[in-house]
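Coordinate inspection notes
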Amino acid sequence: MGKFKKKKREMGAISTASLPDIVFMLLFFFMVATVLRTEEEMVRVIRPEASEIYKIEKKHLIRYINIGPPQDKRYGTEPVIQLNDQFADVAQIRDWVENERLTLAEAEQTKMWVSMKVDQDTKMGVVTDVKQELRKASALKVLYSANSRERTN
Amino acid sequence: MARRELQEINAGSMADIAFLLLIFWLVTTTIDSDEGVKRQLPPPVPPDMEQQEVKDGDVYNVRTNFRDELLVEKEVLSIDQLKDGAKDFLIATGTGLLHPERPNVTLGDDNMKYPERQWVRKAELIALEQSYLAAGQEKAAERIREKLTAIELFGSDYRELPGSALISLQTDRSTSYDLYLQVQNELEAAVNELRDELSLAKFNESYASLEERYSRTKEESLLDKIKAIRLVYPQRISEAEPRDASQGYY
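Residues numbered from 1 in each chain as written. Chains lettered and ligands numbered in written order. Predicted model: local features only at pLDDT ≥ 70, side-chain atom pairs only at ≥ 80, totals over all residues.

**What about the overall build of chain B?**
Tallying secondary structure elements over chain B gives eight helices and eight strands in all. The buried share among the 250 residues of chain B stands at 25%. (Helix = DSSP H or I, 4+ residues; strand = E, 2+ residues; numbered from the N terminus. Buried ≥ 20, exposed ≤ 12 C-beta atoms within 10 Å, placed from the backbone.)

Put into structure tokens, the structure is as follows:
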């Protein structure tokens, strides 16, 4: 009955030639999908959490104001305002808004968003001052930057 | 001349190189997410503008102090209670749709007074629209037409909040930003939950999904639904002009 002999087949090694392609695809995916942080963060910002989150689709319309204690302890621990790459005073905000607005195309100048990245332990005093200045500069669309969480019941 | 056979380069390490690149990229990039709570600031107030008188019951007062405590309608609340309180205020005396009419409590000063919701009736609107059109007030007529579409979509008349009803938020300069944002968030959650509830009942779709679909497709019929729901539950969160609150406390 030894008619049906089990055939022994040699398993060929799996070709790994396409592995680099796969990894490159992964790499390109991440490169395209991630948004590069364009400016250095000079203040420490721990963002608060919120459930009613809005996501801005057109990223080029956003300008950032960071408020928080300086990363570099030599500048103290009191919250400071960072505009672009430098510390700023509340009084400079109006000029900053005007300048930033000019960097946008004319048709989009009214659509500018100001994203406020504020450390959660900051007192409202400085935030209120900044908001008042934004109002005076007619930059009324504001996003309070926050991490998303579930709604509480 | 000796002819040398070109040898194939071994590509086995290519994957390793690519992996190195990938890991380098992952480590060095910081993902910067642009999401948060959206707010429209009010335009600057001209100095000569006079203060408007509003009815006591029409304003839902929320105040925060330097110890991160909440004072809502003269009562100390915790942050988890705020949303329900705000919802209660927004429903007011009943929308005429999902929430039946309820009496306005006016016993004593301690009871919360609600703003009086007014009936929006189809027959009255049609007459009003005609009179606006006759007077050539196209914009006013347009607003009436929006209410008419809303009635058509809901299938019945509804009651609207008076124009002066709003949620007023006043923050002390020493309140923490975290609490401020939580308050903003809870107030917005209150409006959104009410809108979702109404939208699910009438259009079988949540309000959030209506908005999301409209932003993609720009369909007119979706916009009508969104506007209808906004008419019933407008989002009116006003931030009081900042003042030195230290005067008011002691």
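**Focus on the confidence of the model for chain B**
All names here are of chain B. Looking at chain B, pLDDT values average 83 and 88% of them are 70 or higher. Predicted confidence in chain B is weakest over helix α8 (residues 246–249), with a mean pLDDT of 49, and strongest over helix α5 (residues 177–203), with 92. The ipTM assigned to the predicted complex is 0.78, against a pTM of 0.80. (pLDDT = per-residue confidence, 0-100.)

**What about the sheet that holds strand β4 (residues 80–83) of chain A?**
As summarised here, the arrangement of the seven strands in space is β2(A)-β1(B)-β7(A)-β6(A)-β3(A)-β4(A)-β5(A), forming an open sheet in which the pairing is mixed. The sheet is open, and its two borders are formed by β2 (54–55) and β5 (86–88) of chain A, each paired with just one other strand. In the sheet, strand β6 (residues 113–118) of chain A pairs with strand β7 (residues 141–145) of chain A via three bridges, with the strands oriented parallel. If you follow valine 114 of chain A over to β7 of chain A, its bridge partner there is valine 142 of chain A. Packed on one face of the sheet, α5 of chain B meets β6 and β7 of chain A together with β1 (35–40) of chain B and runs near 75° to β1 of chain B. (Pairing = 2+ DSSP bridges. Contact = placed C-beta atoms within 7 Å. Axes fitted to C-alpha atoms, helices over the stretch in contact; angles between N-to-C directions.)

**Here's the deal with the sheet that holds strand β2 (residues 59–64) of chain B**
Residue and element names in this part refer to chain B. Read across the open sheet, the five strands follow the order β4-β3-β2-β7-β8; overall the sheet is mixed. What marks the edges here is a single partner per strand, and that holds for β4 (75–77) and β8 (237–239). On average, adjacent strands in this sheet sit at an angle of 30° to one another, irrespective of strand direction. Where β2 and strand β3 (residues 70–72) come together, three bridges link them in antiparallel fashion.

**Concerning the interface of chain A and chain B**
How big an interface is tends to be stated in terms of the accessible area lost upon association of its parts. Counting from both sides, the interface comprises 51 residues of chain A and, opposite them, 40 residues of chain B. Breaking the side of chain A that touches chain B down by element, the ones donating at least two residues are α1 (19–33), β2, β6, α3 (124–136) and β7 of chain A. No other element matches α3 of chain A, which puts nine residues into the side of chain A that touches chain B. Per-class residue counts for the side of chain A that touches chain B are 26 nonpolar, 13 polar and 12 charged. Here five bridges tie β7 of chain A to β1 of chain B, and the two strands are oriented antiparallel to one another. Looking at β1 of chain B, one finds that leucine 143 of chain A is bridged to lysine 38 of chain B. (Nonpolar A, V, L, I, M, F, W, Y, C, P; charged D, E, K, R; others polar.)

**Observations concerning the nonpolar core**
Residues and elements named next belong to chain B. In this structure, Ala86 and Leu90 are the most contacted members of the largest nonpolar core, which totals 55 residues. A total of 10 residues in this core trace back to one element, the largest contributor, which is α5. In contact with leucine 90, not counting residues within four places along its chain, are Ala190, Val191, Leu194 and Tyr233. (Core = buried A, V, L, I, M, F, W, Y, C linked by C-beta atoms within 7 Å.)

**A few points about unusual backbone geometry**
Residues and elements named next belong to chain B. For glutamate 73, which is not a glycine, the phi torsion comes out positive at approximately 50°. Considering the arrangement of structural elements, one finds glutamate 73 in the loop between β3 and β4. At asparagine 204, a position not held by glycine, the phi torsion is positive, near 55°. Positionally, asparagine 204 belongs in the loop between α5 and α6 (207–217). What makes asparagine 204 exposed here is the crowd of 7 C-beta atoms within 10 Å.

**Some remarks on the pairing of β4 of chain A**
All names here are of chain A. In this sheet, β4 lies alongside strand β3 (residues 62–68) in antiparallel orientation, the contact comprising four bridges. From the neighbouring strand, isoleucine 65 faces β4, where its bridge partner is leucine 83. Strand direction decides the pairing type here: β4 and β5, joined by three bridges, are antiparallel. Note that in β5 the partner of isoleucine 81 across the bridge is alanine 88. Counting the residues between successive antiparallel strands, the hairpin from β4 to β5 contains two residues, one of them, asparagine 84, with a positive phi of roughly 50°.

**Quick word on the environment of asparagine 66 of chain A**
All names here are of chain A. Looking at where asparagine 66 falls in the secondary structure, it is placed in strand β3. By the C-beta count within 10 Å, which is 24 here, asparagine 66 ends up buried. Asparagine 66 sits 76 residues away from valine 142 along the chain, and the two C-alpha atoms are 13 Å apart. In this structure, asparagine 66 is in contact with Glu41, Val43, Val45, Gln82 and Lys117, ignoring residues within four places of it in sequence.

**Looking at the pairing of β6 of chain A**
The side chains of a regular strand alternate, residue by residue, between the two faces of the sheet. Among the six residues of β6 of chain A, five are classified as buried, and the element is accordingly described as predominantly covered. With α3 of chain A bridging β6 of chain A and its parallel neighbour β7 of chain A, the resulting β-α-β unit is right-handed. (Right-handed = clockwise from strand over helix to strand, strands pointing away.)

**Thoughts on the environment of isoleucine 91 of chain B**
All names here are of chain B. You can see isoleucine 91 is positioned in helix α2 (residues 79–91). C-beta crowding within 10 Å serves as the criterion here: with 19 such atoms nearby, isoleucine 91 is assigned to the partly exposed category. Residues isoleucine 91 and valine 232 lie 141 residues apart in sequence; the distance between their C-alpha atoms is 9.1 Å.

**Overview of the packing of helix α4 (residues 138–154) of chain B against helix α7 (residues 220–232) of chain B**
Residue and element names in this part refer to chain B. At their nearest, the axes of α4 and α7 sit 9 Å apart, and the two run at 95° to each other. The angle between α4 and α7 places the two elements in the roughly perpendicular class. Residues Glu146, Lys147, Thr149, Ala150, Leu153 and Phe154 of α4 form the contact with α7, whose own contacting residues are Asp224, Lys225, Lys227, Ala228 and Leu231. (Parallel < 35°, antiparallel > 145°, perpendicular 65-115°, else oblique.)

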